[in-house]
Amino acid sequence: MDALATAIASPVPSGTWQNRIRALGPMIDAAATANERITELSPDVVRAMDDAGVFAMMAPREVGGTEDHPSDLIDVISELSYWDGSAGWYAHAVMTGGSVAGAFLGDKAAEAIFPGGKFAHAAGQAAPTGTAVREGDGYRVSGRYSFGSGSPHVQWIVGGFILHDDAGEKVIGSHGQPVMLIGLVPRATVTFRDNWNVIGLRGTGSYDFTVEDQHLHADFFHNTAAPVQRRGGALYRMGFMALPCISHGAFAIGAARRMIDEWLAFARAKPRGTGRMQSDGETFQRDIALALADLRAAERWFRHTFDTLYEAAETGAVTDDMRLDGRLSTSHAFVAATRIAQAAFASCTTHAIRDGQPIQRVFRDIQAGNAHFLTAEQSLIDAGKVIAGAQGAALVF
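Just so we're clear, the structure is a prediction, and the values are computed from it rather than from any experiment.

Participant: Please set out the environment of Ser174 residue by residue, giving values where relevant.
Facilitator: Here Ser174 lies in the loop between β3 (156-164) and β4 (180-186). Judged by its relative accessible area of 88%, Ser174 falls in the exposed class. Taking the C-alpha atoms as reference points, Ser174 and Phe220, separated by 46 residues in sequence, lie 22 Å from one another.

Here it is in structure tokens:
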């Protein structure tokens, strides 16, 4: 990449974590095209991220994780996403699996998933499309799922389950909604489908999967409506959706940063009919300035929001406005990223449509990432209902 372009688009000071990940960048970038073809990250890329300590960053220190500050999490996920969106997305899926397993599951689960203080990796899909029934000292569960991001190389699979009684009826919690459990099951009890054929984030291996009927101890589950934090500190008290929001927003920031750098490099090398480079044109100069302002504003608000949430969580003072900002700043990071991606893609003309071009890959990855429920249009509508005071409005965070 053009060194000046990278410096322009990246306002974040280099820290220890960021330097560690940046050193892996060229290797991750070089593998991206091949990883898209095989629809998952290569073992070498996964091993390099694991050796760097990436996957344990969200796990509590008590189980061998590093329980890092939101600013470090944003640094790492955005840097990985800069080099390859699939690598950043895969990493944050496994990282959040570690946060759930380490902070909220019981001791039997923690011992199995973090043997000897080493995270065995967990990822999957928390959407509650599975069924759970209380049985003895645990639950009997099964279910079918889509979008198991990060699952190809993990040993434990995350699943969401709606609790049912012995008569097959949904159990309704004190909040008036069906009780939803998030649980982790051994990989050997899960069947995957080789069906990750998508427009973007092709290297994430987000296959559909089936959790086969099985019984697991209650320690492997937690109730999302009434989570009991068993380990760790403020990182897990910001709100249950805080870490997924950090993950998705950081992806958008890193991918948008790469898009700006690729766009600028293209414009500096692309002569127009006048004989001047595209970068000398005032239309390009206006557009790149707006894109950079968009990105920097979105990133500043996003980082400030989660710094504030973390500080408030340390003293138990998280407010509803802070939670709203958590969802809004995450969605807005994607609003900015999609605007930047569209402007850059259109500006780079036929260069951008060819396979193997980073501009095309980043464009596709941003569009695919923006389809997620945390950041798509419905997320903004849900936030808008709360802001407008609509009857029954509630924001999950």
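Participant: Describe the sheet that holds strand β1 (residues 122-135), naming the residues involved and giving the relevant values.
Facilitator: Pairing is mixed across the open sheet formed by seven strands, whose spatial order is β5-β6-β2-β1-β3-β4-β7. Each end of this open sheet is capped by a strand with a single partner; those strands are β5 (190-192) and β7 (221-223). Going from strand to strand, the sheet's axes swing by 20 degrees on average, the running direction of each strand aside. Bridge analysis of β5 against strand β6 (residues 207-217) gives three bridges, and the strand direction is antiparallel. What sits directly across from Phe192, in β6, is Phe209. Its contacts with the sheet place helix α5 (residues 85-104) against β1, β4 and β7, and it is angled at close to 40 degrees to β1.

Participant: Give me the lowdown on unusual backbone geometry, citing residues and values where you can.
Facilitator: Positioned with a positive phi, Thr39 is a non-glycine residue whose angle comes to about 65 degrees. Since its relative accessible area comes to 12%, Thr39 is described here as buried. Look at Phe147: it is not a glycine, yet its phi comes out positive at around 60 degrees. Assignment of secondary structure puts Phe147 in strand β2 (residues 138-148).

Participant: With reference to specific residues and values, describe the pairing of β4.
Facilitator: Of all seven residues in β4, six are buried; the element is thus mostly enclosed. As paired elements, β3 and β4 share seven bridges and run antiparallel to each other. Residue Phe161 lies in a different strand from β4, and its bridge partner there is Leu181. Pairing of β4 with β7 involves three bridges; the strand directions are antiparallel. Counterpart to Gly183 in the pairing with β7 is Phe221.

Participant: Provide a residue-level description of the packing of aromatic side chains, including the pertinent values.
Facilitator: What the rule picks out here adds up to 16 aromatic pairs. Seen from their ring centres, Trp89 and Phe251 are 5.0 Å apart, and the 85 degrees between their planes marks the pair as edge-to-face. Residue Trp89 is found in helix α5, and its partner Phe251 is found in helix α7 (residues 242-269); the two are separated by 162 residues along the sequence. A relative accessible area of 6% means that Trp89 is categorised as buried. Note on Phe251: relative accessible area 0%, which makes it buried. Following the ring pairs from residue to residue traces out a cluster consisting of Tyr139, Tyr145, Phe161, Phe192, Phe209 and Phe221. A cation over an aromatic ring shows up here: Arg258 above the ring of Tyr82, its NZ or CZ 5.4 Å from the ring centre.

Rules and cut-offs
Residues numbered from 1 in each chain as written. Predicted model: local features only at pLDDT ≥ 70, side-chain atom pairs only at ≥ 80, totals over all residues. Heavy atoms only, no water. Helix = DSSP H or I, 4+ residues; strand = E, 2+ residues; numbered from the N terminus. Buried < 20%, exposed > 50% of the residue type's maximum accessible area, 1.4 Å probe, protein only. Pairing = 2+ DSSP bridges. Axes fitted to C-alpha atoms, helices over the stretch in contact; angles between N-to-C directions. Contact = heavy atoms within 4.5 Å. Phe/Tyr/Trp six-rings, centres within 6.5 Å; stacked < 30°, edge-to-face > 60°. Lys NZ or Arg CZ within 6 Å of the ring centre and 35° of its normal.

On their own, these measurements won't tell you what the molecule is for.
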